[in-house]
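# Overview (structure and organization)
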Amino acid sequence: MYSGNQLRELFLKFFEAKGHRRLPSASLIPRDDPTLLLTVAGMVPFKPYFLRRVEPPFPRATTAQKCVRTPDLEVVGKTARHHTFFEMLGNFSFGDYFKEEAITWAWEFITQELQLSKDVLWVSVHPDDDEARRLWQEKAGVAPERIYADATNLWAAGPVGPCGPCSEIYVDLGESRGCGSQDCSIACDCGRFLEIWNLVFMQYNRDEQGQMTPLPQQNIDTGMGLERIASVMQKVPSNFDTDLFTPLMNQAAEIAGIRYGDDAKNDLALKIIADHSRAVSFMLADGIRPGNEGRGYVLRRILRRAIRYARLLGIQKPFLEQVFRVIQQDYAHHYPELRDNEAFILNHLQIEEAGFQATLDAGTLILQEKARDLQSKGQPILAGADAFWLYETYGFPVELTIEMLEEQEITVDMAGFVQAQEEHRAQAKEHSKSMRAVQVSPQWTEQIKQAGQTEFCGYESLCVEARVTGLFWADAALTEVAAEQEAYCFLDQSPFYAASGGQIADLGWLNTAQAQAEITEVRKELTGTIVHRVRVIRGVLRVGEMVQAQVQSEWRTAICRHHSATHLLHEALRAVLGEHVQQAGSLVTPERLRFDFTHFAALTSQEMQQVEDHLNEVVWANHTVSTEEMPLEQAKASGATALFGEKYADLVRVVRIGTQSQELCGGTHVRASGEIGLVKILSESGIGAGLRRIEAVAGAEALCVWRDLEEQMFSAAGLLKAQPADLAKRVTFNLNQLKEAEREIQRLQVELAKTETGDLLNQVREVAGIKVLAAQVQAADMESLRNMTDMLRDKLKEGVLVLGAVHEGKVFWVTAVTPPGLSGLHAGKIIKEVAQITGGSGGGKPEMAQAGGKAPGKITEAVAQVSKIVEKMIAK
């Protein structure tokens, strides 16, 4: 019996022997692909090769690719095959071999390497793919009756572009796993026939009209789920029963004090915990941080779902670290990022578990309030939409909601819950479709290929002679661009830095004797082509002519200062706070720098000062800034800092600032640290769990900040009639005077309120035997109104109080019922009806409530209606 790890290695070695380049798994963060949040298939990292946006550096490749998919999140654990995280084993050909080799090798691997009996194997083909059908029969020896024609066997990268038929291999798991029908076949979804491998034959290009023409280079993309083939080879009923999952479920079961296999409900929770823990661990290992949008939201949702199901097992304390340790032990030999990024993973697990506990507690309070409201109305059913809102907003699994409400004899409208869930899922899938629909035009792809790689000479010079090799606009190649027109311009060499690594692009001009064009945007394509967006100011810019390419020097100089300052800020933070600090993002502009980093507490004022002092000491030491290109592994071995989650080429550029800083970086920098001049930190803030942000300025911008502060100080001193040196003393004196005045005002307001309450008690009326006092009073804010209500309640002893006030155009209401529960009256319900008259709303507890309003002119009418409102509620 093969283990999951052995099957992975067996597959990769098999295709290595067939001349494939064995590559490590790409990150779960797709590179340069705005159509995807996450890597969802083995072919994703190779899309530029398949689409021929970039020429592949090798003709064949094989990988075990990490993948995450979430459209079927709700059914994970309920079926034998659905997962969030899975490994896709694949072999790929980029214009090299095609159907015959793909089919022959797939059959060889399954029948000879894995030694699966041909008697249990079936295949499917597209009805029009006669070639694949013939190859399966002639090369693999598959009987015609075991080849099934399926019209859905067509794969496409999108609405337009490469596409082609595919062929799937199925394993017959036996009659005991099927529906029992004599007509059961691979078309049946009963589970008897398990698809284990999909071979995609990309042989056509589909245009906007849906016409398919043969591709000049035909490609192969195959995918076999490791979890699925493991379940077949280990002869277990589901993927969850393989050695890829059982150690994780056993660990969770041990924490919960239960055993896998004893209870179906508990088993479901254990499967979900095991699946989601894998997804969470690998997403964190690739540098994805939990957040409220994008892939960060996907991660947080999966993580919280694991915690919710752990609670259903009675696990109240943090547990994910223990499960992660098992994942790390089983997978780190093949995925070293689980070991290399351990501190980052564990810190985020700890923060998220603690944070979600607080969220669950808040959700519990809301659910309890909803339950009380339903009971007071005599309604025994919670609306399905409300149950789904609790699930989506607070992470409450509907099972937990049902369990908590059962104690109060309230049920959940499950039909409504399912409907709300389906509506949400449909919206998510529509969004996913719109994401996938983003396409790069074939004309642009061809233009980029023709332009090829651009030589960047901007490290050495800001002004070079270059040839215009192409102009492009609105999906069409141009020969010239006239004044006031825009275009994308290609040069044979360029001094303009393209936006990358957090550094924004250079600006500048293209000049000829007769024309001038302004550079407004610079970016770099996967092919290494530098694309310049230009606007012609005068004359005509033509393809083939020589131009003077000039970078705006002041712009570049300011960027260099801020970029080098960013490196030194990173080093200073690690020196002051500790080695756990890692860069999590940055923005470098001429005006400022922004630096995001991992740290789990706000910096104190003392730490901020230490960081700023350390940084500027290195600046003033005027260390030489040097750069060197070297192999990636050599750079890492030399101690150069690589950014977490970033993928680097085999050859990298190392930027050193003296002996203080050494980072992998392709950006532009000063020649010596002294050129930075001065760095001033403007702010430090939290931007997410375990994530901080510093904004700072350097050089001339730092001087501008000092001058602005100085100007503000002199202005404030003038207003307070004080010398700048005495400003703090004068502000302190004035604040003390203000506080004393406020205390005197408060004392007078209390005296006034006491006088007014005596007069108000004369306005008490009896309604159905209950004392009711409703009045408009003078109060500056809600707090004053509450204080007055407290005094009147103490004197009234028993009854209903409704006080309203108007201040600066706003209406304030406070209601009290004393003692609580008097004649079944509820202060929150009374205030709700009263406030509605003045265009407001509010609520609160049975004994006391408050509200606001927008119509001061109706306060008299509202006060007059109080007695009727109370009388109506007593009558109920």
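Residues numbered from 1 in each chain as written. Predicted model: local features only at pLDDT ≥ 70, side-chain atom pairs only at ≥ 80, totals over all residues. Heavy atoms only, no water.

### Quick notes on the overall build of the protein
Selection rule: Starting at the N terminus, helices and strands are each numbered in turn, a helix being any DSSP run of H or I of at least four residues and a strand any DSSP run of E of at least two. Each residue is assigned to one of three classes by its accessible area relative to the maximum for its type, calculated with a 1.4 Å probe on protein chains only: buried under 20%, partly exposed between the two thresholds, exposed over 50%. Residue contacts are counted whenever heavy atoms from the two residues lie within 4.5 Å of one another. Where accessible areas are quoted, they stem from the Shrake-Rupley method and a 1.4 Å probe; at the residue level, only the protein chains shown are allowed to cover. Charge convention: Lys and Arg are scored as positive, Asp and Glu as negative, and His as well as the terminal groups of each chain are ignored. A charge is said to be at NZ when it belongs to Lys, at CZ for Arg, at CG for Asp and at CD for Glu.
Counting its regular elements, the protein contains 23 helices and 35 strands. Across its three principal directions, the C-alpha atoms of the protein cover 105 × 80 × 50 Å. Across the 876 residues of the protein, 48% fall into the buried class. Within the protein, counting contacts between residues at least 6 apart in sequence, those at least 24 apart form 67% of the total. Here the protein has roughly 41,000 Å² of accessible surface; of this, 49% comes from carbon and sulfur atoms. Computed over 91 positive and 115 negative side-chain charges, the separation of the two mean positions in the protein equals 3 Å.

### Points about unusual backbone geometry
A cis amide bond links Thr818 with the next residue in sequence, Pro819, at an omega value of -5°. Inspection of the secondary structure assignment puts Pro819 in the loop between strand S33 (810-818) and helix H22 (827-837). Of note, Gln115 is a non-glycine position whose phi angle comes to about 60°, a positive value. In this structure, Gln115 sits in the loop between helix H3 (99-113) and strand S4 (121-125). A positive phi is found at Ala474, a non-glycine position, where the angle reads about 55°. One can find Ala474 in the loop between strand S13 (463-473) and strand S14 (476-478). According to the relative accessible area criterion, Ala474 is exposed, its value standing at 67%.

### Quick word on the packing of aromatic side chains
Two aromatic rings are characterised by how far apart their centres lie and by the angle between their planes. Convention followed: The aromatic pairing rule takes the rings of Phe, Tyr and Trp, using the six-membered ring of Trp, and pairs them if the centres are within 6.5 Å, calling planes under 30 degrees apart stacked, those over 60 edge-to-face and the rest tilted.
Inspection of the entire model under this criterion finds 33 aromatic pairs. Relative to Trp136, the ring of Trp107 lies with its centre 5.9 Å away and its plane at 75°, an arrangement referred to as edge-to-face. Taken as a pair, Trp107 in helix H3 and Trp136 in helix H4 (residues 130-138) lie far apart in primary sequence, 29 residues in all. The class of Trp107 is buried, set by a relative accessible area of 6%. With a relative accessible area of 0%, Trp136 lands in the buried category.

### Points about the nonpolar core
If you look at soluble globular proteins, the nonpolar side chains tend to sit buried side by side. We apply this condition: Nonpolar cores are built from buried Ala, Val, Leu, Ile, Met, Phe, Trp, Tyr and Cys residues. Side-chain atoms within 4.5 Å join them into one set.
If you look at the biggest cluster of nonpolar residues, it comprises 111 residues, and the most contacted ones within it are Trp136, Trp197 and Ile229. Ranked by residue count, the leading element in this core is helix H7 (residues 264-285), at 12 residues. Residues contacting Trp136, with those up to four places away along its chain left out, are Ile103, Trp107, Val123, Val125, Gly141, Val142, Ile147, Ser167, Ile169 and Leu199. Counting residues in each nonpolar core, the second largest holds 28 residues, with Ala572, Val611, Val618 and Val670 among its members.

### A look at the sheet that holds strand S25 (residues 625-631)
Where we set the bar: Pairing between two strands requires that DSSP report at least two bridges joining them. The axes used here are C-alpha line fits, helices contributing only the stretch in contact, and every angle between their N-to-C directions lies in the interval 0 to 180 degrees.
Pairing is antiparallel in the open sheet, where three strands are placed in the order S25-S26-S27. Two strands bound the open sheet, and with one partner strand each, they are S25 and strand S27 (661-664). Shown here is a sheet whose adjacent strand axes are inclined to one another by a mean of 25°, direction ignored. The pairing of S25 with strand S26 (residues 651-657) spans seven bridges and is antiparallel. Looking at S26, one finds that Thr627 is bridged to Val655. Taken strand by strand, helix H16 (residues 553-577) contacts S26 and S27, and its axis lies near 115° from that of S27.

### Digging into the pattern of salt bridges
Quick reminder of the rule: Just to be clear on terms, a salt bridge is a Lys or Arg side-chain nitrogen sitting within 4 Å of an Asp or Glu carboxyl oxygen.
Across all of its chains, the model carries 40 salt bridges by this definition. The shortest N-O distance in the salt bridge between Lys18 and Glu108 comes to 3.1 Å. Of this pair, Lys18 sits in the loop between helix H1 (4-17) and strand S1 (21-22) while Glu108 is found in helix H3, placing the two residues 90 residues apart along the sequence. Here Arg693 makes a salt bridge to Asp596, at a shortest N to O gap of 2.6 Å. Placement of the pair is Arg693 in strand S29 (residues 691-698) and Asp596 in strand S24 (residues 593-598), with a sequence separation of 97 residues.

### Let's talk about the pairing of S26
Taken across its seven residues, S26 has six buried, putting it largely inside the fold. By the bridge criterion, four bridges tie S26 to S27 in an arrangement that is antiparallel. By the bridge assignment for S27, Val654 is matched with Leu664. Counted between consecutive antiparallel strands, the loop separating S26 from S27 contains three residues, among which Gly658 sits at a positive phi close to 55°.

### A look at the confidence of the model for the protein
The line we're drawing: Values of pLDDT, the confidence the predictor places in each residue, fall between 0 and 100.
Averaged over all residues, the pLDDT of the protein is 90; the fraction at 70 or higher stands at 97%. Long-range and interchain partners of residues 431-439, a stretch whose pLDDT sits below 50, account for 10 contacts in this model, where long-range means more than four residues apart.

### Some details on the sheet that holds strand S31 (residues 770-776)
Strand order in the open sheet formed by six strands is S30-S31-S32-S33-S35-S34, with mixed pairing between adjacent strands. The sheet is open, and its two edges are formed by strand S30 (765-767) and strand S34 (842-844), each paired on a single side. Sheet twist, expressed as the mean angle between neighbouring strand axes with direction ignored, is 20°. Examined bridge by bridge, S34 and strand S35 (residues 848-853) share three bridges and lie antiparallel to one another. Its bridge partner being in S35, Gly842 is matched across the sheet by Ala851. Along the sheet, H22 contacts strand S32 (799-807), S33, S34 and S35; its crossing angle with S33, the most-contacted strand, is approximately 150°.

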